Amino acid sequence: MRGTLTAHRINGKECTVYLPPSYSVQTGALPCVYVLDGGSLFLEQMDKLESQFANGTLPELIFAGIKPADRLDEYTPWPAPSLSPAFHDFGGKGRLFLEELTDAIIPTVEDMHHISAHPETRGLIGASLGGLFSVYAMLQKPEIFGRIGCISGSFWYEKSADYVRSASLSPARRRIYMSVGSREAEQKSNIQNTMIRQNKDVHESLRQKGFSQSQLSFTVEEGAVHHQEAFKRQFNAALSWLYGKNRSRS
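Residues numbered from 1 in each chain as written. Predicted model: local features only at pLDDT ≥ 70, side-chain atom pairs only at ≥ 80, totals over all residues. Heavy atoms only, no water.

Caption draft 1: Representation of the overall build of the chain. For the chain, the helix and strand inventory stands at seven helices and eight strands. The C-alpha atoms of the chain give 17 Å as radius of gyration, which agrees with the globular expectation for 250 residues (18 Å, within 12%). Taken over the C-alpha atoms alone, the chain extends approximately 55 × 40 × 35 Å along its principal axes. For the chain, with 250 residues in total, the buried portion stands at 54%. (Helix = DSSP H or I, 4+ residues; strand = E, 2+ residues; numbered from the N terminus. Rg over C-alpha atoms; globule rule 2.2 N^0.38 Å. Buried < 20%, exposed > 50% of the residue type's maximum accessible area, 1.4 Å probe, protein only.)

Below, the structure is given as C-alpha cells:
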C-alpha cells in the first residue's frame, strides 16, 4: 500500500481514513466513500485498488471506514425481534446513527481532509445490514448521498422492501449499485430465505422510480454465499461501477 491510513475517534466511533498516494491539500478535492463496518471491505485489498488508481480505471478515492458500536442496533431502521437466541433483538436505531453520521462524522472527516463536498460524488457503501442501511440513508437523506453501494442488502428485514417501495426519491444525479449472491438463501429456514427475492423487489422498486440502466446496477453473483469474501469482491465491483471510467451498463 502506497497511500496512508490514519485512525480517528469521532463522536465515540472508530474511524479509519485512507488517503491515496497523490493526496495533497494543494491538489483538487477528492471524492470520499464512507464505508460501513470499519475497514473490513477495503483494507485487505488496497494494493489492488491502488493498481486501479495507477492505471486510471478508478479515480483516486478517499475511504472512511466507520466501525459501529452495535451494528444490530445502528444499521436497522426500526426495531424487530431477533432471528436467533444467539443475538439480541434488532434495536432499530438507524435514524439516530444516520444523524450521527451526517451531523458529526461526515463534517469532521471533511474538515480534516481535502474532500469534495458535492453530494453527487459522496459515497456510502455497506454489506448485509450495512447494505440495507445504505439504501435507507439515501432515502432519508437524499441531499447528502449521491452514490450508494448495497452489497447483499438485508432486505429480508421486516417491512424494509415495502419501505423502499413507498418512499419517494428523484433519480437525478444518483447512482446505485446492488448485488446479491445466488446461494444466499440456501439452508435458511427463517425470513432470510427471502433474501434474493427481496433484493430483486427493491431493485424493481428503484427502477420504477425512474432510475435508468446507467444509474442503477443489479448483479446476482453466481455461486456466491453471504460471506465476507464475496462482500469484498462486490465492494471492488461497486467502486468500479459507481466511480470507474469504464462503467459498464447493466
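Let us keep going from here.
Caption draft 2: Representation of the packing of aromatic side chains in the model. One pass over the structure, following the stated rule, counts 13 aromatic pairs. Ring centres of tyrosine 75 and phenylalanine 97 lie 5.8 Å apart, and the angle between their planes is 55 degrees; this geometry places the pair in the tilted category. Here tyrosine 75, found in the loop between α2 (71–74) and α3 (94–112), pairs with phenylalanine 97, found in helix α3; they are 22 residues apart in sequence, far enough to count as distant. Each member of the pair, tyrosine 75 as well as phenylalanine 97, is classed as buried. Measuring from ring centre to ring centre gives 6.1 Å for phenylalanine 133 and tyrosine 136, while their planes differ by 50 degrees; the resulting arrangement is tilted. Of this pair, phenylalanine 133 and tyrosine 136 both sit in helix α4 (residues 129–140), three residues apart, which is roughly one turn of that helix. (Phe/Tyr/Trp six-rings, centres within 6.5 Å; stacked < 30°, edge-to-face > 60°.)

Caption draft 3: Main features of the environment of valine 164. With respect to the element layout, valine 164 can be found in helix α5 (residues 160–166). Each C-alpha atom, one on valine 164 and one on proline 81, is 20 Å from the other, the two residues being 83 residues apart in sequence. Not counting chain neighbours up to four residues away, the residues in contact with valine 164 comprise Val135, Leu139, Phe155, Val202, Ser205, Leu206 and Lys209. (Contact = heavy atoms within 4.5 Å.)

Caption draft 4: Region of interest: helix α7 (residues 228–243). Counted at 1.5 Å a residue, the expected span for α7 with its 16 residues is 22 Å, and the 22 Å between its end C-alpha atoms agrees. Buried within α7 we find Ala230, Phe231, Lys232, Gln234, Phe235, Asn236, Ala238, Leu239, Trp241, Leu242 and Tyr243. (Expected span 1.5 Å × (residues − 1).)

Caption draft 5: Layout of the nonpolar core. Residues Tyr34, Leu101, Leu124, Phe133, Phe145 and Leu206 are the most contacted members of the largest nonpolar core, which totals 54 residues. The leading source of residues in this core is α4, at eight residues. (Core = buried A, V, L, I, M, F, W, Y, C linked by side-chain atoms within 4.5 Å.)

Caption draft 6: Structural view of unusual backbone geometry. Backbone geometry places aspartate 37, a non-glycine residue, at a positive phi of 65 degrees. Summarising the element assignment, aspartate 37 is placed in the loop between β3 (32–36) and α1 (46–55). Residue class for aspartate 37 comes out partly exposed when judged on its relative accessible area of 21%. Non-glycine residue glutamine 187 carries a positive phi angle of around 60 degrees. Within the secondary structure layout, glutamine 187 lies in the loop between β7 (175–181) and α6 (195–208). For glutamine 187, a relative accessible area of 85% translates into the label exposed.

Purely geometric stuff here, so don't read any function into it on its own.
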